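Now for the letters of each chain:
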Number of protein chains: 2
Amino acid sequence: MGKQTLTEKAQRLLDLHRGPRMLVLANVWDVVSARMVERAGFPAVATSSAAVANSLGYADGQHIQREEMLAVVRRIAAKISVPLTADLESGYGTSLDTIAGTGLGLVEAGAVGLNFEDSTGDPANPLFEIAEQVEKIKCLRETGEKLRVHIVINARTDVYLEAVGEPASRFEHTVTRLNAYREAGADCLFAPCVDDAVTIGKLVKAVHGPLNILARPQTAPLAELERLGVARVSLGSWPMRAAMTAFDRFVRDLRERGTLESLEPGIPYAEMNKLVE
Amino acid sequence: MGKQTLTEKAQRLLDLHRGPRMLVLANVWDVVSARMVERAGFPAVATSSAAVANSLGYADGQHIQREEMLAVVRRIAAKISVPLTADLESGYGTSLDTIAGTGLGLVEAGAVGLNFEDSTGDPANPLFEIAEQVEKIKCLRETGEKLRVHIVINARTDVYLEAVGEPASRFEHTVTRLNAYREAGADCLFAPCVDDAVTIGKLVKAVHGPLNILARPQTAPLAELERLGVARVSLGSWPMRAAMTAFDRFVRDLRERGTLESLEPGIPYAEMNKLVE
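Let us look at the structure shown here. The structure presented is a predicted model; accordingly, all values stated were derived computationally and were not measured. (Residues numbered from 1 in each chain as written. Chains lettered and ligands numbered in written order. Predicted model: local features only at pLDDT ≥ 70, side-chain atom pairs only at ≥ 80, totals over all residues. Heavy atoms only, no water.)

Turning to the overall build of chain A, a few remarks are in order. Secondary structure summary: chain A contains 11 helices and 8 strands in total. By principal-axis analysis of the C-alpha atoms, chain A measures approximately 55 × 45 × 40 Å. Counting across all 277 residues of chain A, residues that qualify as buried make up 62%. Considering only residue pairs separated by 6 or more positions, chain A has 63% of its internal contacts joining residues 24 or more positions apart. Within the structure as shown, chain A displays about 10700 Å² of accessible surface, and the carbon and sulfur contribution to it stands at 52%. (Helix = DSSP H or I, 4+ residues; strand = E, 2+ residues; numbered from the N terminus. Buried < 20%, exposed > 50% of the residue type's maximum accessible area, 1.4 Å probe, protein only. Contact = heavy atoms within 4.5 Å. Areas by Shrake-Rupley, 256 points an atom, 1.4 Å probe, with all protein chains shown as cover.)

All names here are of chain A. Ordered by their spatial adjacency, 8 strands build an open sheet running E1-E8-E7-E6-E5-E4-E3-E2, and the pairing between neighbours is parallel. Each edge of the sheet is formed by a strand with only one pairing partner; in this case those strands are strand E1 (23-25) and strand E2 (45-46). As paired elements, strand E3 (residues 84-87) and strand E4 (residues 113-117) share 3 bridges and run parallel to each other. By the bridge assignment, alanine 86 is partnered in E4 with leucine 114. Against the sheet, helix H6 (residues 130-146) contacts E4 and strand E5 (152-156), and its axis sits at roughly 170° relative to E4. (Pairing = 2+ DSSP bridges. Axes fitted to C-alpha atoms, helices over the stretch in contact; angles between N-to-C directions.)

Reports of interface size often rely on the accessible area that becomes lost once the parts have come together. With 63 residues of chain A at the contact, the number on the chain B side is 63 residues. Carbon and sulfur atoms make up 65% of the surface buried where chain A meets chain B, a total of about 5400 Å² over both sides. Three residues stand out in chain A for area buried against chain B, namely Arg75, Phe247 and Arg255 of chain A, and they jointly supply 11% of the buried area on that side. Taken together, the links from chain A to chain B amount to 6 salt bridges. Between glutamate 264 of chain A and arginine 249 of chain B there is a salt bridge, and its shortest N-O distance comes to 2.7 Å. For the pair chain A and chain B, the number of links is 26 residue pairs in polar contact (both at pLDDT 80 or more). At the level of secondary structure, the elements contributing two or more residues to the side of chain A that touches chain B comprise helix H2 (31-39), helix H3 (49-56), helix H4 (66-77), helix H10 (238-257) and helix H11 (269-276) of chain A. In terms of residue class, the side of chain A that touches chain B is built from 38 nonpolar, 11 polar and 14 charged. (Buried area = accessible area lost by both parts, 1.4 Å probe. Salt bridge = Lys/Arg side-chain N within 4 Å of Asp/Glu carboxyl O. Polar contact = N/O pair within 3.5 Å; in protein donor to acceptor, adjacent residues only side chain to side chain. Nonpolar A, V, L, I, M, F, W, Y, C, P; charged D, E, K, R; others polar.)

On to the side chain of arginine 241 of chain A, then. Looking at the element boundaries, arginine 241 of chain A is found in helix H10. For arginine 241 of chain A, the residues in contact, after removing those within four places along its chain, are Pro265, Gly266, Ile267, Pro268, Tyr269 and Met272 of chain B.

Each copy of the chain is related to the other by a rotation around an axis and a translation along that axis. It takes a turn of 180° to lay chain A on chain B, together with a shift of 0.0 Å along the axis; the resulting RMSD is 0.0 Å. The transformation just described matches what one would write down for a two-fold rotation axis. Taking the C-alpha atom as reference, chain A places alanine 243 of chain A closest to the rotation axis, 2.6 Å from it. (Least-squares fit on C-alpha atoms with pLDDT ≥ 70 in both.)

Working definition: the strands of a sheet are paired by backbone hydrogen bonds and lie parallel or antiparallel to each other. All names here are of chain B. Strand order in the open sheet made by the 8 strands is E1-E8-E7-E6-E5-E4-E3-E2, with parallel pairing throughout. For this open sheet the edge positions go to strand E1 (23-25) and strand E2 (45-46), each flanked by a neighbour on one side alone. With 5 bridges joining them, strand E4 (residues 113-117) and strand E5 (residues 152-156) adopt parallel strand pairing. Across the sheet, residue glutamate 117 finds its bridge partner in E5, namely arginine 156. Contacts from helix H6 (residues 130-146) reach E4 and E5, with the element oriented near 170° to E4.

Let us look at H6 of chain B. Residue and element names in this part refer to chain B. Taking 1.5 Å as the rise per residue, H6 with 17 residues should run 24 Å; its terminal C-alpha atoms sit 25 Å apart, in good agreement. Among the residues making up H6, those that are buried are Gln133, Val134, Lys136, Ile137, Cys139, Leu140, Arg141, Thr143 and Gly144. The secondary structure elements touched by the buried residues of H6 are helix H5 (96-108), E4, E5 and helix H7 (170-184). Just downstream of H6, arginine 148 is the residue with a positive phi angle, here 60°. (Expected span 1.5 Å × (residues − 1).)

Geometric descriptors of this kind do not, in isolation, establish any biological role.
What follows is the structure, encoded as structure tokens:
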């Protein structure tokens, strides 16, 4: 766990949402990727639920068991010194008992923050009711308080991601949800799949707390997001998919042409061992 | 497990050592990498112990627990249809009971072959005695026979890798060990860190069974290895280290310059989910 207590790490992660710079999180899925992010100088590490799930053989979207996800979080937390925030989807259950167990498991695994989304996984009814999600956020906050750790709750709404309702209604719907989540105790508010600078700028002003934007190739540049007042940017599974695309390219080339030409020498064996030790 | 039984998969893997083409194995460490290798058309998949260990937060060299290694093997085996061979280092123990347990665990995990090396991990005494290693190989063979699965044993000697003895003695030492392992029942003989074509050509002729060479950037080209009569080529953790170097480059660039320019769009989210489902 390094020298800092989890209480201190949680406070440190919370502080990173208050500037002066935008918090940038390059999402990881295993110990190697986490150590690389820490080594590069990032002040915190975040997991991507999709990247972890894919690596372990699951499609994204809570097909993985909670304990399997937390086992990866635990491995990563044991090997880094900076605060860790984990993407725990919608908490792996609907009852408050289960949500409290997820919060407890998160802290026991050594992480101090989580992404907590309002997707149900049911296309016919894609989002949990606001009141229900609010109770879950309050439950996560209380769970942390009992453990004397301020769990940094990054409350996410998937109104845009799931394309809920008429396009013209999504902005207001997102604001309503995020402000309700903020009122319930969320530390940061996450609206993935909002990409254009105009909407992002409006969202920064409309929500009553720090805003997290998902940066993907079509999103406004990071410097512009920072200028607009975005507090936190994360990258989802894009970095993992990019890395594995390099592997895929090598594998196809090896199969089709029988050469190692597209295998770059890469990080030496001894350096990789030392990185994760 | 797909449609084939493990008995059939083991026979298929064994057949791949008998030509007509050299068996090329692009080593993997998780479900995504394994599925990419299968998708590219490779007839078999092999794990890299170093890559698996690093990904989970261990240096290579049996610092990982056997059950953790087998858990990764099990995840991969459940998601591919082609035969899987696992790098199980020196078997995670020295007693024949433990070695038999490792062989049983391998088959129960759904794999049908293994790399089995003679490194002790002790720099003062780097290799197990030949007689001891021979008994372990016989034990692995017997364990498979009881399960009616011909475990494809790739017996590895680390004479070159550990730079054992005077350089001039290593060739004969390697041949002595590999032929003893072959006599004990090994299906393939592996001498990592032999890179030049002249030595490889001599080794092909001197050993009494199929030869596995580790291909790394300094090794003779694959086409030349095939021409020399090498039966099997594997890549160790080079592909994983190359893929993670792409991630590392992106992460450093993001940290130092604040841009996503070195993040390639990569495999789409939905395609990645479908790949591992």
